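As a plain string of letters, each chain reads:
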Amino acid sequence: MKKLIALLLALCMVFALCACGEKAAEEPAAEKTTAEPAEEPAAEETAAEEPTESGDFVVTACIASEPETIDPTMISSVDGNTYINHLFEGLLKYASTGEKAGDDDKMMLADLTYGQAESYDVSDDGLTYTFHLRDGIVWSDGQPVTAGDFVYSWQRLCDPEMASDYGYLLEGIVVGATDVYENGADPDTLGVKAIDEKTLEIQLEAECPFFLQLCAFGNLMPLRKDIIDEYGAEWTNPENIVTNGPFVMDEWVHDSYISMVPSETYYNAEIVGPTQIKWYLSDDETAILSSYQSGEYDFIETFPTDQIESLQASGDCYILPAVTTYYLYINCDNITDWRVRAALTLCIDRDNIVENVTQAGQIPAASLVTGGITDSTGAMWQNGTGYKEVMWASLAEMYPDADLTSYAGRCELAQDLLAEAVADGFDTSITIPYRFNNLGSHGDIAEAVQQDVSSVLGLNMVMDSTEWQVYTSTLSTDRAWDVARLGWQADYLDASSFLDLFVTGTSYNYSNWSNEEYDALCAKYKTMPGGTERDQVMYDAEALLFGEGGFGVSPLYYYTNMYCLSSDVHNAATSTLGFFLFTEATQG
């Protein structure tokens, strides 16, 4: 329990210092998410300001189109996590610190504090966490929230029959998680136990420097087994869902909006500001911006890139740091020669993309791990002692005469690598399908990549777009793509949140890239306490992604968080991981 304030301060510093890429509201993170309480929890929240005389304070927002799901076990997107963070509450939660997140006086920084737990204890060896639940916490139907509700949720996530994209999350962290998820062991063997209704004990495989961050993670919210057993797949319908957070869902008009109203049973109901949050569902950037400018929407995260400059000038658009990387998967089943995958990675003009396409302060990527992630010394990942400009480091050793410091030099090596592959039988007459979800600048980015691939390598790349609602599932079920986009937002502030994506067989390894040495290094750092030795293992693992046999992933840039917020809404908040919260919002 003595870790809270120090860690909160550290995370606030990370948020203030990082100046990186961009996060799209509709993508996984992959959402992905959490900060850790430190020695003492943050101060209790103060009550929200009173709404207008009419008593109504409705916040209208549009962050994405129809979500794939709002089942906490199954969510895998930033928008899904945003909805979950308003409906549910974990052992820990994000709450406003009262400090501005950036230049916008209306947007506060949120960081981790106690949620359903009022305290926790850690054993001397750092392997057993005991959480003590608050008195008076109840579900929206009046039933008490118990430690068993957390046990059920954590077991459900690891259950391979659920086939959750995040089923792997607790592997190597919580005792028994690997055996449950990979081998189908009895979920009761998971090291999560209800000592009594108010006491939850969690046993770890090894000290985990980011474990507390997981305790506010969307996929680990408590769940009611009786409700899910009764309603099955329909349990998230408004008439069936039972939640324990500050809001309840009273309406979901599919492909139109989700409505939430304050929960009458939430233990801290006095801090809840809006009388309703209405989440409109759309992926039409032009229409979204028009609705914001007309006053229909109070908050938006996506809008045409050619409007960014004018929106900033008008004081509507703000840009914050993010811990998210925009990257391309390269399908190793279809493009089997690593030299072709490397050539595709080398030929992309990242400076052109961030300067002329996305235009929101994004930074060209030189690694998978995003800017804003720190190593154990507190140094930004790209400034750490073990870091090299990782995407090109191995190639520089293999081809010492190549100039990898310039785009022209990288293009020259790309052509040489392609020529080597052709000499060994690669067919340049193939068509390379590029799959992306059809929102905003993703198509423009695809066209920029298509132009680079054509002009530098002479290869034919074709566009393949689909709706976000089904996009990620098609990456697994329909493998007729060679290149596909995604963005990954850190689930917690540790490099492993990115590196774990490419372990053999994980649900997000859509490239189907596999390397035994990489897998071994990823397994090794999970057994290590935080420190420089663990840092080096992670640096070494990342280097393998971009060496001989690698390039199943091609990072393009680090995100920034863009948004527009109405002057009528104050005290909104954004977490260190980029989720926006309106729980404590007040009327301006």
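Residues numbered from 1 in each chain as written. Predicted model: local features only at pLDDT ≥ 70, side-chain atom pairs only at ≥ 80, totals over all residues. Heavy atoms only, no water.

1. A few points about the confidence of the model for the protein
If pLDDT is low for a region, its predicted coordinates should not be looked at in detail.
Right, on to step 1. Per-residue confidence for the protein gives a mean pLDDT of 90, with 90% of residues at or over 70.
Right, on to step 2. Contacts from residues 1-36, a stretch scored under 50 in pLDDT, to residues over four places away or in other chains number 192 contacts.
Right, on to step 3. Scored below 50 in pLDDT, residues 38-53 makes 48 contacts in the model with residues more than four places away or belonging to other chains. (pLDDT = per-residue confidence, 0-100. Contact = heavy atoms within 4.5 Å.)

2. Examining the packing of aromatic side chains
Right, on to step 1. With the rule as written, the count across this model stands at 37 aromatic pairs.
Right, on to step 2. With a centroid separation of 4.7 Å and an interplanar angle of 55°, the aromatic rings of tyrosine 266 and tyrosine 267 are classed as tilted.
Right, on to step 3. In this structure tyrosine 266 comes out as buried when scored by relative accessible area, which is 6%.
Right, on to step 4. Looking at lysine 278, its charged tip hangs above the ring of tyrosine 257, at a distance of 4.2 Å from the centre. (Phe/Tyr/Trp six-rings, centres within 6.5 Å; stacked < 30°, edge-to-face > 60°. Buried < 20%, exposed > 50% of the residue type's maximum accessible area, 1.4 Å probe, protein only. Lys NZ or Arg CZ within 6 Å of the ring centre and 35° of its normal.)

3. Considerations on the pairing of strand 12 (residues 317-330)
Right, on to step 1. Burial runs high along strand 12: 12 of the 14 residues are buried.
Right, on to step 2. Of the pairings in the sheet, the one linking strand 12 to strand 17 (residues 553-565) comprises 10 bridges and is antiparallel in character. Bridge pairing in strand 17 places leucine 320 opposite asparagine 561.
Right, on to step 3. Pairing of strand 12 with strand 16 (residues 483-489) involves seven bridges; the strand directions are antiparallel. When the bridges of strand 16 are listed, tyrosine 329 appears paired with alanine 484. (Helix = DSSP H or I, 4+ residues; strand = E, 2+ residues; numbered from the N terminus. Pairing = 2+ DSSP bridges.)

4. Considerations on the packing of helix 12 (residues 407-423) against helix 13 (residues 442-457)
Right, on to step 1. Running from N to C, helix 12 and helix 13 cross one another at 65°; their axes reach a closest spacing of 10 Å. Taken together, helix 12 and helix 13 sit at an angle that is classed as roughly perpendicular. Like other packed secondary-structure pairs, helix 12 and helix 13 cross with a definite hand, here right-handed. In this structure, helix 12 uses Tyr407, Cys411, Ala414, Gln415 and Leu418 to contact helix 13, whose residues at the interface are Asp452, Val456 and Leu457.
Right, on to step 2. A per-class count over the contact of helix 12 with helix 13 returns six nonpolar, one polar and one charged. (Axes fitted to C-alpha atoms, helices over the stretch in contact; angles between N-to-C directions. Parallel < 35°, antiparallel > 145°, perpendicular 65-115°, else oblique. Left-handed = near helix turned anticlockwise from the far one by under 90°. Nonpolar A, V, L, I, M, F, W, Y, C, P; charged D, E, K, R; others polar.)

5. Details of the sheet that holds strand 7 (residues 199-203)
Picture the strands of a sheet paired through backbone hydrogen bonds; they go either parallel or antiparallel.
Right, on to step 1. Overall, antiparallel pairing links the four strands, which are arranged 4-5-7-6 in an open sheet. Each of the sheet's edge strands pairs with one partner strand only, and the pair in question is strand 4 (117-122) and strand 6 (192-196). Within this sheet the neighbouring strands show an average axis-to-axis angle of 25°, counted without direction.
Right, on to step 2. Both strand 6 and strand 7 contribute to a ladder of four bridges, which runs antiparallel. Residue pairing across strands places valine 192 opposite isoleucine 202, the latter belonging to strand 7.
Right, on to step 3. Contacts between helix 3 (residues 147-158) and the sheet are confined to strand 5 (128-133), strand 6 and strand 7, with strand 6 contributing the most and set at about 170° to the helix.

6. Some thoughts on the packing of helix 9 (residues 338-346) against helix 11 (residues 390-398)
Right, on to step 1. Running from amino to carboxyl end, helix 9 crosses helix 11 at an angle of 120°, the nearest separation of the two axes being 12 Å. By the angle between their directions, the pair helix 9 and helix 11 is classed as oblique. Seen along the crossing, helix 9 lies across helix 11 with a hand that is left-handed. Here helix 9 contributes Trp338, Thr345 and Leu346 to the contact with helix 11, which in turn contributes Met391, Trp392, Leu395 and Met398.
Right, on to step 2. Of the residues in the contact of helix 9 with helix 11, the class split is six nonpolar, one polar and no charged.

7. Points about the environment of asparagine 460
Right, on to step 1. Mapped onto the fold, asparagine 460 is located in strand 15 (residues 460-466).
Right, on to step 2. Given a relative accessible area of 40%, asparagine 460 falls into the partly exposed group.
Right, on to step 3. Expressed as a C-alpha distance, the spacing of asparagine 460 and isoleucine 432, which sit 28 residues apart in the sequence, is 6.1 Å.
Right, on to step 4. In this structure the side chain of asparagine 460 is engaged in a polar contact, spanning 3.4 Å, whose partner is the side chain of threonine 431. (Polar contact = N/O pair within 3.5 Å; in protein donor to acceptor, adjacent residues only side chain to side chain.)

8. Describing the nonpolar core
Right, on to step 1. Counting residues in hydrophobic clusters, the biggest one holds 175 residues, and the most contacted among them are Phe131, Trp154 and Phe211.
Right, on to step 2. In terms of residue count, the dominant contributor to this core is strand 12 (eight residues).
Right, on to step 3. Those residues within four positions of tryptophan 154 in sequence are excluded, and the remaining contacts are Leu91, Leu170, Val174, Leu190, Val192, Ile202, Phe211, Cys215 and Leu220.
Right, on to step 4. By size, the runner-up hydrophobic cluster in this structure holds 15 residues, among which are Tyr257, Tyr280, Ile308 and Cys564. (Core = buried A, V, L, I, M, F, W, Y, C linked by side-chain atoms within 4.5 Å.)

9. Some remarks on the sheet that holds strand 2 (residues 92-100)
Right, on to step 1. The strand order across the open sheet built from four strands is 2-3-19-20, with neighbouring strands paired in mixed fashion. Either end of the sheet is taken by a strand with one partner, and the two such strands are strand 2 and strand 20 (580-581).
Right, on to step 2. For strand 19 (residues 572-575) and strand 20, the ladder comprises two bridges, and the chain directions are antiparallel. Paired with alanine 573 across the two strands is leucine 581, which belongs to strand 20.

10. Remarks on the pattern of salt bridges
Where charged atoms from two side chains of opposite charge approach closely, those side chains can pair.
Right, on to step 1. Inspection of the entire model under this criterion finds 15 salt bridges.
Right, on to step 2. Two residues, lysine 526 and aspartate 500, come together in a salt bridge whose shortest N-O distance is 3.8 Å. Residue lysine 526 is found in helix 16 (residues 516-526), and its partner aspartate 500 is found in the loop between helix 15 (496-499) and helix 16; the two are separated by 26 residues along the sequence.
Right, on to step 3. Each of Asp337, Arg339, Glu420 and Asp424 takes part in one network of salt bridges that share partners. (Salt bridge = Lys/Arg side-chain N within 4 Å of Asp/Glu carboxyl O.)

11. Description of empty space enclosed by the protein
Right, on to step 1. Considered as a void within the structure, the largest cavity measures approximately 220 Å³ in volume.
Right, on to step 2. In terms of residues, the lining of the largest cavity owes the most to one element, strand 2, which gives five residues.
Right, on to step 3. Residues of the lining of the largest cavity, tallied by class, amount to 12 nonpolar, five polar and four charged. (1 Å grid on protein atoms, 1.4 Å probe; cavity = no way out; pocket = protein on both sides within 12 Å on 5 of 7 lines; lining within 4 Å. Points joined across faces, edges and corners; volume = space filled by probe spheres on them.)

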